[in-house]
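Analysis of the macromolecular model
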Amino acid sequence: MTTASRRQAVLFGFGWGALAGLVLIALMYGANVLLGLRPLPQLLNQPILSLMPGFIFGFLIDSLQHAGKVVEEIGLIGAMVVGLGVLGSAWALASTRWHTQYLALAFAGIGWLVVSAILLPLCGIGFLGLNDGPATPIIWAALFAIYGVVLQLGGDPAGAPDADFGRRRLLSSVPIGIGVVSLGLLAWRLLPDWYRAIFNPPEAALRGPSPELTPVENFYVVSKNFSDPSVDAQSWALSVGGSVQKPLRLSLSDLKALTGATEDVTLECISNNVGGELMSTGSFKGVRLRELLAMAGPKADGTWAAFKARDGYTESLPMSLVQGAPEIIVAYELDGAPLPVSHGFPARMVIPGHYGMKGPKWLDSIDLVSHESGGFWEQQGWDHNAVVKTTARIDVPRDGDLVKLGTISVAGVAFAGTRWIGKVELSTDGGSTWRSAPFKAPLSPLTWVLWSFDWTPTKEGAYRLMVRATDGMGAAQDSRGAPSYPSGASGYHTVQVDISR
């Protein structure tokens, strides 16, 4: 066989392999809806994040925000198409030597082995993916069998160029039809979610001055997952163990039967940019963590509380912090209703004064251990303490607004975690001069404050508005601009407005 013939066979096989891969991927997402199969890009998300240097992830978050996960999923789908295309090239080369109708299925079997014996265990769901159920390897086998059938439609790679006119017409029309249908299925399954993630995240719907309590439907959502876990409330139980005298296992009704506490808390994502929308305030109800742990009887060597969530997320807090912070709760309600799934139903940690990364959602267990444990994001280099930085934001007017000359209401929020806010100042000349902006008393010492200022510019033109805050201890907000990685963004929020008649 000549070199040119081999090259042609490789290209032919890659094309049919990529096409068959597209079919497999479309059916994989369909099996996700119908059979609960977790798509491979979603499963690979966590291993990739664990290997990705924190500064790279921080750059992606700062640059792309919610679009980052969409870009990652598209990239992983593309990688699957390429990988399955390469498998098709290997099949095509083998077909030039061995002529058997079962060769495509044999190569499909190789693909199934790679996924089931290597990738699924790497993703943490066990050999053959059996941790997700006995049907998992069977579903994957069926998907690869279909991959093999589509490969076989390509016919003989060596003979394809010499096929008659009818054969060539078939070879050109069949892949186009298969590709269009597969892309249509993928678009139906994925585009609505991608659109919502990029253009319509919950927090983006709020416009104007922020309310004291963020409506639940607008409370910001950040997750490491492509698809968050759905936990059955009836079978769920929170285990409290480790270095304790009396291990506990509490159902949701058991947890609710304990003495409850309600905390008005502002939560902020450590990935929030200066002036960003990844900050919301809610009224959480739950059980005080230190009281829950006291019920279990901590032993002397239980110096850290280690949390584990249903999605594999881990975190930990020193017991010295837990004992001195009654505001830390295991929450099961938000604004008087059960936690929404996206916020951690049936229970999550709420740790005021710390960025949201410290509070796992979909909580499964709390163990007392002798050392710092877990820390999903800390393992990628993010700050271990994750104490929120003092920050202030301008909600109105928005950057780029065209405003009529007259008295203008400038308003926003300021937040300093458990240190509360002592002062808010506004500049309308790019930081040359500052004036104090009054603010309402906060709902609690754990929430943001709402500030406002009536400003009357003297003439038309472009103005650069800036805001800064001082916490209740007298420490001024850091003016130095810094990205979110590794300890949270800093700097003054600035908006440009044009005043005209």
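Quick look at the structure, then. Keep in mind that what you see is a predicted model, and the values were worked out from it rather than measured. Along each chain, the written sequence defines residue order, and numbers are assigned to residues from 1. Per-residue local features are limited, in this predicted model, to residues with pLDDT of at least 70; the limit for side-chain atom pairs, both in listing and counting, is 80 or more; totals at the level of whole chains, interfaces and linings are taken over all residues. With hydrogens and water set aside, each side-chain value is computed from the structure's full complement of heavy atoms.

1. Some thoughts on the packing of helix 1 (residues 3-35) against helix 6 (residues 135-153)
Where helix 1 contacts helix 6, the two axes come as close as 9 Å, and the packing angle between them is 150 degrees. The orientation of helix 1 relative to helix 6 falls into the category roughly antiparallel. By crossing handedness, the relation of helix 1 to helix 6 is classed as right-handed. Contacts between helix 1 and helix 6 pair Trp16, Gly17, Leu19, Ala20, Gly21, Val23, Leu24, Leu27, Met28, Ala31 and Leu35 from the former with Ile139, Trp140, Leu143, Phe144, Ile146, Tyr147, Val150, Leu151 and Leu153 from the latter. Classifying every residue of the contact of helix 1 with helix 6 by side-chain character gives 18 nonpolar, two polar and no charged. Inter-axis angles, ranging from 0 to 180 degrees, are taken between N-to-C directions of lines fitted to C-alpha atoms, where helices are fitted over the stretch in contact. Secondary structure elements follow DSSP: runs of H or I no shorter than four residues count as helices, runs of E no shorter than two count as strands, and numbering proceeds from the N terminus. Orientation labels follow simple angle bins: below 35 degrees gives roughly parallel, above 145 gives roughly antiparallel, 65 to 115 gives roughly perpendicular, and whatever is left gives oblique. Crossing handedness is read from the near helix: turned anticlockwise from the far helix by less than a right angle, it gives a left-handed crossing, and turned clockwise, a right-handed one. Only heavy atoms enter the contact rule, under which two residues are in contact if any of them lie within 4.5 Å. Three residue categories are used. Nonpolar comprises Ala, Val, Leu, Ile, Met, Phe, Trp, Tyr, Cys and Pro, charged comprises Asp, Glu, Lys and Arg, and polar comprises the others, including Gly.

2. What about the side chain of Glu315?
Relative to the assigned elements, Glu315 resides in strand 6 (residues 314-318). For Glu315, the side chain forms a polar contact with the side chain of Lys358, separated by 3.0 Å. Among residues more than four places away in sequence, those in contact with Glu315 are Ala305, Ala306, Phe307, Met357, Lys358, Pro360, Ser373, Gly375 and Glu378. Whenever two N or O atoms come within 3.5 Å, that pair is a polar contact, provided that in protein one can donate a hydrogen and the other can accept it, and provided that, for residues adjacent in sequence, both atoms are side-chain atoms.

3. Observations concerning the pattern of salt bridges
Salt bridge criterion: a side-chain nitrogen from Lys or Arg within 4 Å of a carboxyl oxygen from Asp or Glu. Taken as a whole and judged by the stated rule, the model has 15 salt bridges. A salt bridge links Arg419 to Asp471; the shortest N-O distance between them is 3.1 Å. Note that Arg419 is positioned in the loop between strand 13 (408-415) and strand 14 (421-427) and Asp471 in strand 17 (residues 461-471), a separation of 52 residues in sequence. With a 1.4 Å probe rolled over the protein chains alone, any residue whose accessible area is under 20% of its type maximum counts as buried; one over 50% counts as exposed, and the rest are partly exposed. Using a relative accessible area of 19% as the deciding quantity, one classes Arg419 as buried. One salt bridge in this structure joins Arg501 and Glu460, with 3.5 Å as the shortest N-O distance. Placement of the pair is Arg501 in the segment after strand 18 (493-500) and Glu460 in the loop between strand 16 (449-455) and strand 17, with a sequence separation of 41 residues.

4. Details of helix 5 (residues 103-122)
The terminal C-alpha atoms of helix 5, which comprises 20 residues, lie 28 Å apart, in line with the 28 Å expected from a rise of 1.5 Å per residue. Considered for burial, the residues of helix 5 that qualify are Leu103, Ala104, Phe107, Ala108, Gly111, Val115, Ser116 and Leu120. Where helix 5 ends, the next residue or the one after it, Gly124, has phi of about 90 degrees, a positive value. The span expected for a helix works out to 1.5 Å for each residue beyond the first.

5. Description of the sheet that holds strand 12 (residues 402-404)
When DSSP finds two or more bridges between two strands, those strands count as paired. Across the sheet, which stays open at both edges, the five strands sit in the order 12-18-17-14-15 with mixed pairing between neighbours. Single-partner strands in this sheet number two, and they are strand 12 and strand 15 (435-436). With seven bridges connecting them, strand 17 and strand 18 associate as antiparallel partners. Along strand 18, the bridge assignment pairs Arg464 with Gln496.

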